[in-house]
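Here are the chains, one letter per residue:
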Amino acid sequence: MKSKEEKVKIITEEYIDDGEDAEEERQKKPSKVPRQKRKKQLPAASREEMVSENSPVDDQQEPVQEGSDTRLLGMMSRRGPRSLPPIPSASRTGFAEFSMRERMREKLQAARSKAESALLQEIPTPRPRRLRSPAEKESETECGMELDREVQRIQQEHDSQGHSRVKFHDSVRKIKSKPLVPPGFPSAEEAYNFFTFNFDPEPEESEEKPKAKNRHGANQEEKEGEEEEPPVQEGVSKTDEEEWLDGRDAEDLLLGLDHAVEDFVAIRPADYESVHVRLQREKELLFVPSRRTVPTYKKLPENVQPRYLEDEGLYIGARPEVPRTNQNIMENRLLTQEPGRRWFGDDGRILALPNPIKPVPSRPPMFTQAQDIKPELETLYKKAVKYIHRSQHLIGSGDSPGNFQLDIDISGLIFTHHPCFSREHVLAAKLAQLYDQYLARRQRNKAKFLTDKLHALRNAVQMGLNPAKTPKTLETTSKTINEYKSEIRQTRKLRDAEQEKDRTLLKTIIKVWKEMKSLREFQRFTNTPLKLVLRKEKVDQKADEEAYEAEIQAEINELLEEHTEEYEQKMEVYRVTLQRWKAWKKAQRAKKKKKKQEVEEHPTDEEREEPGPGEEPEKPAPPEPVDRAVIEQQVRERAAQSRRRPGEPTLVPELSLAGSVTPNDQCPRVEVLRREDIKRRSLFLKVTFNNKEVSRTESRPLGADFRVHFGQIFNLQIFNWPESLTLQVYETVGHSGTTLLAEVFLPIPETTVVSGRAPIEEVEFSSNQHVTLDHEGVGSGVPFSFEADGGNQLILMTSGKVSNSVAWAIGENGIPLIPPLSQQNIGFRSALKRADAISSIGTSGLTDMKKLAKWAAESKLDPNDPSNGPLMQLISVATSGESYIPDFFRLEQLQQEFNFVSDEELNRSKRFRLLLLRSQEVPEFRHYKQIPLYDREIMEKVFQDYEKRLRDRNVIETKDHIDSHRATVAKYLQQVRESVINRFLIAKHHFLLSDLVVEEEVPNISILGLSLFKLAEQKRPLRPRRKGRKKVTAQNLSDGDIKLLVNIIRAYDIPVRKPTASKFHQTSRSSRTFTEKHAASPTTHSPAHSADYPLGQALVRPFVEVSFQRTICHTTTAEGPNPSWNEELELPFRAPNGDYSTTSLQSVKDDVFINIFDEVLYDVLEDDRERGSGIHTRIERHWLGCVRIPFSTIYFQARIDGTFKIDIPPVLLGYSKERSVMMDRGFDSIRSLSEGSYITLFITLEPQLVPGESVREKFDSQEDEKLLQATEKFRAECALKFPNRQCLTTVVDVSGKTVFVTRYLKPLNPPQELLNAYPNNPQATAELVARYVSLIPFLPDTVSFAGVCDLWSSSDQFLDLLAGDEEEHAVLLCNYFLSMGKKAWLVTGNAIPEGPTAYVLTQEQSHYLIWNPCNGHFYGQFDTFCPLKSVSCLIGPDNIWFNIQQYDSPLRINFDVTKPKLWKSFFSRSLPYPGLSSVQPEELIYQRTDQVAAAELQDRIEKILKEKIMDWRPRHLTRWNRYCTSMLRHFLPLLERNQEDVEDDHRAELLKQLGDYRFSGFPLHMPYSEVKPLIEAVYSTGVHNIDAPNVEFALAVYVHPYPKNVLSVWIYVASLIRNR
Amino acid sequence: MAAAGPSVFLLMVNGQVESAQFPEYDDLYCKYCFVYGQDWAPTAGLEEGISQITSKSQDARRALVWNFPIDVTFKSTNPYGWPQIVLSVYGPDVFGNDVVRGYGAVHVPLSPGRHKKTIPMFVPESTSKLQKFTSWLMGRRPEYTDPKVVAQGEGREGKGSPPWAVGLE
């Protein structure tokens, strides 16, 4: 065995396997021991052979041979038998089983024998194979070759088997085409087929079985080997397969030989199994379920009838569709199984769940273009079907509004029983009821009516009987008479019944009354005022008797007649029957005579017997003749019973409430309790319409008579078709709450019933409540008795009647408010459209549940049907009473369900709050970035500022503002700003097309012409002009992108150093410096000095320093008082918080400071001897003046280009304005008109930013609509002619309303003290007033109302706010001038640097003056340095004039507004001035400013500034010269008082006091708004930059108060250097 | 925790502007940029990019293939303002002026994985026929002031011209 396993080659392995198989086979047959003995040598030999070198040779050869064609032929030939029909094996199966068992047994032994054989293998055996030569092999046919291989195997097992024999066997096989294979074992072909072909199942089955068993039975090794085989065969070449087959062959052969006697072959006919036999056998094994329908009884248990639930009305879902045949097969199959019956339901069908397939696909349709969508999965489009709502709504297709009205009149309520009824009450109620009945009956008086009818009929009959009077034929007469008679009969019966009823009713009434009386007597008190009086009405005895008798007689006659008739009829019948009977008798001959005789003998006897029809054997009896006496007897009896006896008085009961009720104190305690209980009770009614409560009556106490009066009328404006109208009776007992007693259903009135015509109806109600009371009240729903022994019990329920009337109301125009009839039936399609959700939800959800339940019960809905499911559920819910129908609506019903946290929790979330605030654009959070992900990451301090602001909204904080008034103002401003911003927040998010889309303008002719002209233009002109730059929207900008470009071109008239300086320095001769020579003025300078300074003209060496946002740039130093720098400075711009949005940029408050300094060089040389070897100078710079331009101006103007007046301090020590001889030529005439120094600048932003546009909203206005239209027209006309000139007609006031601009102009009084200052000098007064106005701080609107618009505040608001821009200043100044009697106008136009602005124009005696309201300066009309560059509009208090002159420069225009050719006026003859009232106050009230506060402020500012200067000099010691400071402080008030010509005195004073110091300093003057601008101003002078070691500083502040808290601030800063 | 700054989540966007279908135009290039909310910040990669000019493929698809890579990483604390990629496509008109051929925007996919998006493109239409003509003549078609407006809701009342498509992956 081991040696075998060592073989690697697959082929050899196969040999081994085969060998094993063979061995196995061998050992399976212990009976063939002798042969096996022989075999034993051979296997050993073969194995030996394989171990030897021969086997590799074999292996090599085999593929060659097998690859040959000849071999294929052989294959073909051998396939012949294979293609034959499969071998039937009737006997084989049997044999297979047998052999199987055998093999099993043998296998057990195999293991044992294997061990032995293993030993045997060691023994060398002769190897016949070796003898064979290769030539021999080649000569062999394919058969032979095959055999050769077979032999190999055969040899392994049968050593005795010779080559020839095998050959023979093979040939035999060939001939027979069917080998003698022992059944049960696969032949080679079979095996081959088994693995390759698809055979009929039968042989396969029979073969596989043993095989499988074999496998299982075999030991592990064998199993593995076998299992390995198939893949190996397939994997390797065909040859291997063949070989394997051969092996099988050999096996077969071997086995075949087993059967036969040794060495010869038995030939047997093929086993044939007839089809029948086979079928028979198959039948035993196989089960083919029948397709026939299984009778139901088989499927059900014994003696059980099938039950069809569907027929019983239960819902049975649709079963999944299964073809009938399949179902039958399944049923048959199930039936053959043992517990088959449990698969069947009661109806004999297979149990099945309802079809789970929905008719509608729930998956959304897929819109793929693929064509292979299965038709059943395809979704078909169906047009939406409108859901036809059940007729709930009244609003029909028409446009008629659904206001219909139903009037419900509830007049009262009467209880027919109540728990608080005493026994007497019960009786009284009964009595009352009976009496009511009686009354009703009497009113109808049916008995009388019937009596009359009877009489009439009788008369008619009488008439009819008289043939003379009737022209009719006899037949018709008799017919009518008969009819009459029958009617008489019926009427009589009815009358009798009625009369009897009347009588009994009367009797009952009397009986109850008697009971009541006895009860009253018994209980000894009276509860009810009821009293019954029986009135006897006497009748005429005789007449009555006669009538009575006549009546009886008539009746008797009638009856007699009737009976006679009847008798005759009966007789007729009798005769007929008798005849028949006789005939029958005759037929019965035997009895014939006898019977006849009997009939004749006893005719009367037989007459009594009723002649039964068809009772042939019985003899008919003749009818009884009518007996008058009997009839009379009967009639009289009846009459006595039901009718009043003749002569008896008629009894008329009369119920009255005349009786007296026993007062409480005479009653027993229980009764008192009862009465008190009643008093505690009160009732009210709720009116419910379509189950919704619509109104309720007032609560009324229950009366002692158990009546409640309401008398209320409810007008129901209805919208829905009335489904139900219910009154709910509620009872309140004391304070314990209300109980629903009963519901009263009111009928919906017919459409014809309108209010006014509706009768009061009584609708009864009753309640099923059970009440037991502990007092005299009988309770409700509990038994009680009137009798002492408790017998004859009564159970009474609370019941009563509501008297009401329901009707449709009548509208104002007499049309009843009734819904059209059509609406009640048709579906209200359009109603769905129009009705809001509430009504549709409400009505659909709240249909009349009771009706629905009733309907469901009546229509016997199947509760199991899913389609009824929702309905049933609804009903069950509604009827179970567990859930109530809400009488309210709820919007967003599922809100609760969708809330993932409670509201409080949500509000507590910091993150949510932060997000909320940001989305609300609260300033603190507007640009908050990266809101933390978790709540815990949000610091509490984030909200602190915001919360503080909210808290401090009304708290005035003085910390930042020093001055309390300004703090208040700032607060107010903030509030105004907030409100305005909130108002415009939405408008900000509104975009125009031009905001989003850039679109080129359509070029008009001029542009086209210009562009054509450009073509002819020189390519490179010598003087390049500035080209417009592309504007950049401030969206994707960041720090460093924006630069401020300042181009400083030149300056005029810079102050020059004064010659006095030399005088000054003479005192300090020791320190005669280098620069002082230069500083000498040209008038005084000596030739020696000029030698030092070659040109001799350097009176001043100015340079310009531009500071913006604490960035400083400066130009080079130029020389002379008229320097030309022409330098461009570039300063970076940083937006606040890095936010470059338009709104943010607009609110930048920074200023650009353009400071002009004089560079002064000082020789610091200590020793003159060193002069030759080195230069030691110190540069000092002296501030000369500044120009301040707000950034907002630059931002809005895009560029600022022009010449500006330099703001030079009034006192500039050491400098004076000298006229240079050289400069006298050109500008003398111009300069003579103006004083001061000028600088020419060009400032712009790079890149150019698009300024935010003001809000384009149309504001509401209180102006007259006509006026507004006129303004629009005026503006349009002006804009058409001069598009560049701004036309101002309406402005927006602080509250955001459009106001006509002239309303702002009105004479207003300036502060009196200003007027008093120069009583004789109007010009000085005007200047002072202008100065006062200019002292009010300037605050551009764009800053305060960032991005909103230009708001105009009235003058009082302006003075209160103490902040405003040009318009407010101009308006105030203009108003002051107007009040001072000047002719003044507001001028709108463009100025530098402000851009569009407002100035004031005044007409003096001969000329016009233009006032700049912001700084108080004024200019003549022809002043070239006037900042106002263009004039577009003049506004007076009563008119607006638009400039329609060719030019708009003030130099070139005529200000005479009376000339309509030059000025287009708004109000003219066509539109006269309507006399618009002013928005300004009547007069301005000025409070004197608190001097103490001003002084305090002064100290504080001084302190702050000193600290600041020290802060700015962190590396140097800052010394304060107190002496100098006090002196400066002394100067400042002088400066305020008279701003001119103090300089010389001042200088002299300073020289005197501070002779030892070199002094440089200047006063700054500013209006006061906040501290910060002051600090900035001081900083910009650069005083602190002096870093000389021995420098000292002096700083003085003076605050001069003007009325209305306008403060003028003077700051004197100076630096001192001690001269040595 | 607080010192480490707020916790954020990262969104990495990798992909490319694959190709476009502009049946009428050729030689186009595209720009992309991202629009995102306040709580978002790019941490790595390029927020904006401009592609090469591509010509139509010669096959039947006639696609304009850019295969222009996008690689950017955002950090955020809030899914609100989820980034959108904004594409704008430009190309020369008959006269050789560069004009805009389409704008489009799409949210960056919300789920990880590979997504292929097709963005319909549109351009603003001229306000009048005359404007249309002159803009055609002068090569100054109406454009958005900022391509990012297509990713925003405010003021989007403008109309679009027939949509083309850009494939983005």
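Under the annotation held in an unreviewed UniProt entry, chain B carries the name B9 domain containing 1 and is attributed to Ovis aries.

Novice: A description of the overall build of chain B should follow, citing residues and the corresponding values.
Specialist: Summing up its helical and strand segments, chain B has one helix and 10 strands in all. Each helix and strand of chain B, ordered N terminal to C terminal, gives the series β-β-β-β-β-β-β-β-α-β-β. Expressed as a percentage of its 169 residues, the buried residues of chain B come to 46%. When contacts within chain B are restricted to residue pairs at least 6 apart in sequence, long-range pairs at least 24 apart make up 72% of them. As displayed, chain B offers around 8,700 Å² of accessible surface, 56% of which is attributable to carbon and sulfur atoms.

Novice: How would you sum up the overall build of chain A? Please name residues and give values.
Specialist: Across its full length, chain A holds 53 helices and 40 strands. Taking contacts inside chain A between residues at least 6 apart in sequence as the whole, the part at least 24 apart equals 74%. For chain A, the accessible area works out to roughly 90,100 Å², and carbon and sulfur atoms hold 54% of it.

Novice: Tell me about the pattern of salt bridges, and please be specific about residues and values.
Specialist: If you walk through the whole model with that rule in mind, you get 29 salt bridges over all chains. Here Arg918(A) makes a salt bridge to Asp39(B), at a shortest N to O gap of 2.7 Å. Of this pair, Arg918(A) sits in helix H33 (residues 910-919) while Asp39(B) is found in the loop between strand E2 (29-35) and strand E3 (40-45), placing the two residues in two different chains. Asp39(B) gets classed as buried once you look at its relative accessible area, which sits at 0%. Residue Glu1482(A) is joined to Lys1306(A) by a salt bridge in which the shortest nitrogen-to-oxygen separation is 3.5 Å.

Novice: Can you break down the sheet that holds strand E33 (residues 1418-1420) of chain A residue by residue, with the values?
Specialist: All names here are of chain A. Overall, antiparallel pairing links the seven strands, which are arranged E33-E32-E31-E30-E34-E35-E36 in an open sheet. Two strands lie at the open edges of the sheet, namely E33 and strand E36 (1463-1465), each paired on one side alone. On average, each strand axis in the sheet is inclined to that of its neighbour by 35 degrees, with strand direction left out of account. Sheet topology note: the strand E31 (residues 1395-1403)/strand E32 (residues 1408-1411) ladder contains four bridges and is antiparallel. Within E32, the residue paired with Leu1401 across the bridge is Ile1410. Strand contacts of helix H44 (residues 1265-1281): strand E35 (1440-1443) and E36, with the helix running at about 160 degrees to E36, the strand carrying the most contacts. The sheet strands contacting helix H46 (residues 1322-1334) are E32 and E33, and the helix crosses E32 at an angle near 20 degrees.

Novice: Any chance you could break down the pairing of strand E13 (residues 799-808) of chain A for me, citing the residues and the numbers?
Specialist: Residues and elements named next belong to chain A. By the criterion of burial, E13 is predominantly enclosed, with 10 of the 10 residues buried. Side chains Ser799, Lys801, Ser803, Ser805 and Ala807 of E13 all project onto a buried face; the interleaved residues Gly800, Val802, Asn804, Val806 and Trp808 project onto the opposite face, where all are buried too. Where strand E10 (residues 761-766) and E13 come together, six bridges link them in antiparallel fashion. By the bridge assignment for E13, Glu764 is matched with Lys801.

Novice: Give a description of helix H17 (residues 324-336) of chain A that names residues and reports values.
Specialist: Look at H17(A): 18 Å from first C-alpha to last across 13 residues, which is about the 18 Å you get at 1.5 Å a residue. Looking at the buried positions of H17(A), the neighbouring elements they touch are helix H16 (296-299) of chain A.

Novice: Tell me about the environment of Gln523(A), and name the residues and values.
Specialist: Residue and element names in this part refer to chain A. Looking at the element boundaries, Gln523 is found in helix H20 (residues 474-523). We classify Gln523 as buried; its relative accessible area is 14%. Remark: the alpha-carbon pair of Gln523 and Pro668, spanning 145 residues in sequence, is separated by 8.9 Å.

Novice: An account of the nonpolar core is needed here, citing residue identities and associated values.
Specialist: Residues and elements named next belong to chain A. In terms of nonpolar packing, the biggest core is built from 77 residues, with Ile1154 and Ile1239 touching the most fellow members. Excluding residues that lie within four positions of it along the chain, Ile1239 makes contacts with Ile1048, Arg1050, Ala1051, Val1104, Trp1125, Ile1154, Ile1156, Val1187, Gly1202, Thr1203, Phe1204 and Ile1206. Membership of the second largest hydrophobic core comes to 52 residues, among which are Leu1288, Phe1300, Val1301 and Tyr1304.

Novice: Explain the environment of Pro1603(A) to me, using residue names and the numbers behind them.
Specialist: Residues and elements named next belong to chain A. By secondary structure assignment, the location of Pro1603 is in the loop between strand E39 (1591-1602) and strand E40 (1606-1618). Between the C-alpha atom of Pro1603 and that of Ile1485, which follows or precedes it by 118 residues, the distance is 9.5 Å. Beyond its immediate chain neighbours, meaning those up to four positions away, Pro1603 contacts Pro1311, Glu1313, Tyr1332, Tyr1486, Gln1487 and Thr1489.

Novice: So, the interface of chain A and chain B: which residues are in play, and what are the values?
Specialist: Taken together, the 29 residues of chain A in the interface contact 33 residues of chain B. For the chain A and chain B pair, buried surface summed over both sides reaches about 2,600 Å², with 52% attributable to carbon and sulfur atoms. Broken down residue by residue, the surface that chain A buries against chain B is led by Gln930(A), Leu996(A) and Glu1000(A), which jointly contribute 26%. Linking chain A with chain B are one salt bridge, by the criterion used here.

Novice: Describe the sheet that holds strand E38 (residues 1557-1567) of chain A, naming the residues involved and giving the relevant values.
Specialist: Residue and element names in this part refer to chain A. Sheet architecture is open: four strands sit in the order E37-E39-E40-E38, paired in mixed fashion. Taken across any chain shown, the strands that pair with only one partner, and hence form the sheet edges, are strand E37 (1519-1520) and E38. Each of E37, E39 and E40 touches helix H50 (residues 1491-1512); the most contacted strand, E39, lies at about 155 degrees to it. Strand contacts of helix H53 (residues 1571-1581): E38 and E40, with the helix running at about 145 degrees to E38, the strand carrying the most contacts.

Novice: Report on the packing of aromatic side chains, specifying residues and quantitative values.
Specialist: All names here are of chain A. Using the criterion set out here, one finds 36 aromatic pairs over all chains in the structure. A ring pair is formed by Phe1300 and Phe1466, whose centres lie 5.1 Å apart and whose planes are at 45 degrees; its orientation type is tilted. With a gap of 166 residues between them, Phe1300 in strand E28 (residues 1298-1300) and Phe1466 in the loop between E36 and H50 connect regions that are remote in the sequence. With respect to class, Phe1300 is no different from Phe1466; both count as buried. One Lys or Arg, Arg913, reaches over the ring of Phe943 and ends 4.4 Å from the middle of that ring. The residue whose ring lies beneath Lys1506 is Trp1520, and the NZ or CZ to ring-centre distance is 5.3 Å.

Novice: Describe in detail the environment of Gly37(B), supporting the description with residues and values.
Specialist: All names here are of chain B. Assignment of secondary structure puts Gly37 in the loop between E2 and E3. Given the relative accessible area of 16%, Gly37 is considered buried. On a C-alpha basis, the gap between Gly37 and Pro79 in space is 8.7 Å, while along the polypeptide they are 42 residues apart.

Novice: Residues and numbers for the side chain of Ser1615(A), please.
Specialist: Residue position: Ser1615(A) is located in strand E40. Once residues lying within four places of it in the same chain are set aside, the contact partners of Ser1615(A) are Arg1558(A), Phe1559(A), Ser1560(A), Val1583(A), Ile1586(A), Val1591(A), Glu1592(A) and Phe1593(A).

Novice: Residues and numbers for a nonpolar patch on the surface, please.
Specialist: Residue and element names in this part refer to chain B. A cluster of nonpolar residues, Val94, Phe95, Leu130, Phe133, Trp136, Leu137 and Met138, forms a patch on the protein surface that exposes about 710 Å² of accessible area. Among the structural elements, Met138 can be located in helix H1 (residues 129-138). Met138 gets classed as partly exposed once you look at its relative accessible area, which sits at 40%.

Novice: Please set out the confidence of the model for chain B residue by residue, giving values where relevant.
Specialist: Residue and element names in this part refer to chain B. In this model, chain B carries an average pLDDT of 84, and 88% of its residues clear a pLDDT of 70 or more. Per-residue pLDDT stays below 50 along residues 158-162; that stretch engages in nine contacts with residues further than four places along the chain or on separate chains. Listed scores for the predicted complex are pTM 0.45 and ipTM 0.81.

Novice: Can you break down the packing of H50(A) against H53(A) residue by residue, with the values?
Specialist: Residues and elements named next belong to chain A. At a minimum axis separation of 11 Å, H50 and H53 run at an interaxial angle of 45 degrees. Here H50 lies oblique to H53, going by the angle between them. Between H50 and H53 the crossing geometry is right-handed. On H53, the residues that touch Ile1501, Ile1504, Leu1505, Lys1508, Ile1509 and Trp1512 of H50 are Val1571, Leu1574, Ile1575, Val1578 and Tyr1579.

Novice: I'd love a proper account of unusual backbone geometry, names of residues and values included.
Specialist: Residues and elements named next belong to chain B. Of note, the phi angle at Asp27 is positive, near 55 degrees, even though the residue is not glycine. Of note, Asp27 is situated in the loop between strand E1 (9-21) and E2. Positive phi values are uncommon outside glycine, yet Asn67 reaches one of about 50 degrees. When you line up the elements, Asn67 lands in strand E5 (residues 64-76).

Novice: Which residues make up the confidence of the model for chain A, and what are the values?
Specialist: Averaged over all residues, the pLDDT of chain A equals 69, while 61% of them reach at least 70. For residues 1219-1234 of chain A, every residue scores under 50 in pLDDT, and the model assigns this stretch 13 contacts once sequence neighbours within four places are set aside.

Criteria and thresholds
- Residues numbered from 1 in each chain as written.
- Chains lettered and ligands numbered in written order.
- Predicted model: local features only at pLDDT ≥ 70, side-chain atom pairs only at ≥ 80, totals over all residues.
- Heavy atoms only, no water.
- Helix = DSSP H or I, 4+ residues; strand = E, 2+ residues; numbered from the N terminus.
- Buried < 20%, exposed > 50% of the residue type's maximum accessible area, 1.4 Å probe, protein only.
- Contact = heavy atoms within 4.5 Å.
- Areas by Shrake-Rupley, 256 points an atom, 1.4 Å probe, with all protein chains shown as cover.
- Salt bridge = Lys/Arg side-chain N within 4 Å of Asp/Glu carboxyl O.
- Pairing = 2+ DSSP bridges.
- Axes fitted to C-alpha atoms, helices over the stretch in contact; angles between N-to-C directions.
- Expected span 1.5 Å × (residues − 1).
- Core = buried A, V, L, I, M, F, W, Y, C linked by side-chain atoms within 4.5 Å.
- Buried area = accessible area lost by both parts, 1.4 Å probe.
- Phe/Tyr/Trp six-rings, centres within 6.5 Å; stacked < 30°, edge-to-face > 60°.
- Lys NZ or Arg CZ within 6 Å of the ring centre and 35° of its normal.
- Patch = residues over 30% accessible without salt bridge, like charges linked within 9 Å, V, L, I, M, F, W, Y side chains within 5 Å.
- pLDDT = per-residue confidence, 0-100.
- Parallel < 35°, antiparallel > 145°, perpendicular 65-115°, else oblique.
- Left-handed = near helix turned anticlockwise from the far one by under 90°.

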